[in-house]
Amino acid sequence: MPLAFQSLSHGEIAFGFFNIESDMILLNQYFLFAQDFCRDISKLASAWPDEGMETEWDVYVLRKRDIGNLMGAIHGIDYSGFIGETYRLFPFPKGQEAFKQNPEGYKTREIIENIVEKYTTGLSSISVKVNAKPSGITIAIGEYHFTTYWFHELLRYIWMGGFPRWKSGIHPQYVIDMEEAVKKSSSPLFGLKFSLTNQH
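Structure report, in brief.

The rules behind each value
- For every chain, the first residue of its written sequence is number 1, and the numbers climb from 1 along that sequence.
- Residue-level local features of this predicted model are given only where pLDDT is at least 70; pairs of side-chain atoms are given and counted only at 80 or more, and the full residue set underlies all totals for whole chains, interfaces and linings.
- The basis for every side-chain value is the complete set of heavy atoms in the structure, and neither hydrogens nor water enter the calculation.
- Only rings of Phe, Tyr and Trp enter the pairing, Trp through its six-membered ring, and a pair is recorded when the two centres are within 6.5 Å. The plane angle decides the type: under 30 degrees is stacked, over 60 is edge-to-face, the rest tilted.
- Strands are runs of DSSP state E lasting at least 2 residues, helices are runs of H or I lasting at least 4, and numbering of each runs from the N terminus.
- Using a 1.4 Å probe on the protein chains alone, a residue whose accessible area is under 20% of its type maximum counts as buried, one over 50% counts as exposed, and one in between counts as partly exposed.
- By definition, a salt bridge exists where a carboxyl oxygen of Asp or Glu is found within 4 Å of a side-chain nitrogen of Lys or Arg.
- For helices, the fitted line uses only the C-alpha atoms of the stretch in contact; every axis is such a line through C-alpha atoms, and the angle between N-to-C directions lies from 0 to 180 degrees.
- Comment on the angle field: the value is read as roughly parallel under 35 degrees, roughly antiparallel over 145, roughly perpendicular from 65 to 115, and oblique elsewhere.
- Throughout, a crossing is termed right-handed when the near helix is turned clockwise from the far one, and left-handed when it is turned anticlockwise from it by less than a right angle.
- Contacts between residues were defined by any pair of non-hydrogen atoms, one from each residue, lying within 4.5 Å.
- Charged residues are taken to be Asp, Glu, Lys and Arg, nonpolar residues to be Ala, Val, Leu, Ile, Met, Phe, Trp, Tyr, Cys and Pro, and polar residues to be all remaining types, Gly included.
- Only protein atoms enter the 1 Å grid used here. Points where a 1.4 Å probe fits but cannot escape make up a cavity, open sets with protein on both sides within 12 Å along at least five of seven lines make up a pocket, and a residue lines them when an atom lies within 4 Å of a point.
- Grid points are joined across faces, edges and corners, and a volume is the space filled by probe spheres set on the points.
- Expected span of a helix: the number of residues minus one, times 1.5 Å.
- What the arc measures is the spread of directions leading from the helix axis to the C-beta atoms.
- Working definition of a nonpolar core: buried Ala, Val, Leu, Ile, Met, Phe, Trp, Tyr and Cys residues. They are joined through side-chain atoms within 4.5 Å.

Our next topic: the packing of aromatic side chains. All chains considered together, the criterion is met by 17 aromatic pairs. Seen in terms of ring centroids, Y30 and Y144 are 5.5 Å apart; in terms of plane orientation they differ by 70 degrees. Their pairing is edge-to-face. Remark: Y144 occurs in strand β8 (residues 144-147) and Y30 occurs in strand β4 (residues 30-33); sequence separation between them is 114 residues. Residue Y144 is classed as buried on the basis of its relative accessible area of 3%. Three or more aromatic residues joined by ring pairs make a cluster, and in this case those are F5, F15, F17, F37, W57, Y149, W150, Y157 and W166.

Dropping the structure here:
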């Protein structure tokens with residue numbers, strides 16, 4: 001489930017998976033697939049932003065009223081909005097032991113795309129900018145700005161499979177590829193001591 005992460009620009013914001021049968025993640029009102037997120041992170045890892053760099057990510061941007069009620073959908077009492085419609089198809093598991101993020105959630109992508117496109121006008125491009133300054137490095141994902149510490153925490157969340165963790169401890173290949181790219185990176189955005197597999 002999404003957790004609260006600290007941003008420089010907006011204070012606490014929500015980030016993470018919202019349904020165990022989909023690999024779509026949310027960053028407040030931005031929605032994108034974890035497979036794409038990991039691919040884009042791998043590209044950042046191969047760059048060297050000495051003086052900063054800027055790229056674009058494609059995301060779905062939902063209005064607050066179109067997102068839905070996550071807790072209501074989990075409890076089967078409110079299926080409004082995009083999240084509610086997703087839970088109609090993929091309800092919360094009855095047994096707590098089944099509450100694990102499916103590493104094959106990417107297979108439902110076409111279904112989820114068809115749902116989310118009912119609530120948006122399609123994909124939007126947002127700016128992703130790395131700022132390298134003497135005072136430190138920050139990254140802006142759309143309107144949300146993060147220190148490297150909190151940016152790394154977003155990546156660790158995906159690596160672990162979010163709050164419920166990956167089912168059977170199996171990481172999707174795209175997550176493994178991201179971890180490899182980060183491990184090999186010489187970019188100051190990640191730092192020599194940063195590792196997705198090591199906790200603070």
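Next, the rest of the story.
All right, on to the pattern of salt bridges then. As enumerated under the stated definition, the model contains 9 salt bridges in all. Note that D36 is salt-bridged to R39, the shortest N-O span being 3.4 Å. Of the two residues, D36 and R39 both sit in helix α1 (residues 34-45), 3 residues apart, roughly one turn of that helix. For D36, a relative accessible area of 14% puts it in the buried group. For R39, a relative accessible area of 42% gives the class partly exposed. Residue K183 pairs with E180 through a salt bridge whose shortest N-O separation is 3.1 Å. Taken together, the residues span about one helical turn, with K183 and E180 both in helix α7 (residues 173-184) at a distance of 3 residues. Relative accessible area serves as the criterion here: at 54%, K183 is assigned to the exposed category.

Between helix α6 (residues 148-160) and α7, the shortest axis-to-axis distance is 9 Å and the interhelical angle comes to 140 degrees. In terms of orientation, α6 lies oblique with respect to α7. Where α6 crosses over α7, the two elements pack in a sense that is left-handed. In this structure, α6 contributes L155, I158 and W159 to the contact, and α7 contributes V175, I176, M178 and E179. Its residues assigned to classes, the contact of α6 with α7 shows 6 nonpolar, no polar and 1 charged.

For the structure shown, the criterion picks out 1 cavity of 30 Å³ or more. Put simply, the largest cavity is a space of about 60 Å³. If you trace the largest cavity, you find it lined by F15, L27, Y30, L32, F37, W57, V59, I126 and I141. When residues of the lining of the largest cavity are traced back to their parent elements, those giving at least two are β4 and β5 (53-61). When grouped by side-chain class, the residues that make up the lining of the largest cavity number 9 nonpolar, no polar and no charged.

Turning our attention to the side chain of E85. Topologically, E85 is positioned in helix α4 (residues 81-89). With residues up to four places along the chain from it excluded, the contact list for E85 reads Y79, S80, I115, K118 and Y119.

All right, on to α7 then. Taking 1.5 Å per residue, 12 residues should reach 16 Å; α7 reaches 17 Å between its end C-alpha atoms and fits that length. Among the residues of α7, Y174, V175, M178, E179 and V182 are the ones counted as buried. The buried residues of α7 occupy an angular sector of 145 degrees when the element is viewed end-on, so they sit on one face. Structural note: α7 exposes K183 and K184 on the side pointing more than 90 degrees away from its buried face. Contacts made by the buried residues of α7 are with α1 and α6.

Next up on the list: the nonpolar core. Formed by 38 residues in total, the largest nonpolar core has its most connected members in F37, I41 and I158. F18, F31, I67 and F90 belong to the second-largest nonpolar core, a separate cluster that totals 21 residues.

Turning our attention to unusual backbone geometry. At N28, a residue that is not glycine, the phi angle is positive and equals roughly 55 degrees. Within the fold, N28 resides in the loop between β3 (24-27) and β4. Positioned with a positive phi, S168 is a non-glycine residue whose angle comes to about 60 degrees. Following the sequence through the fold, S168 ends up in the loop between α6 and α7.

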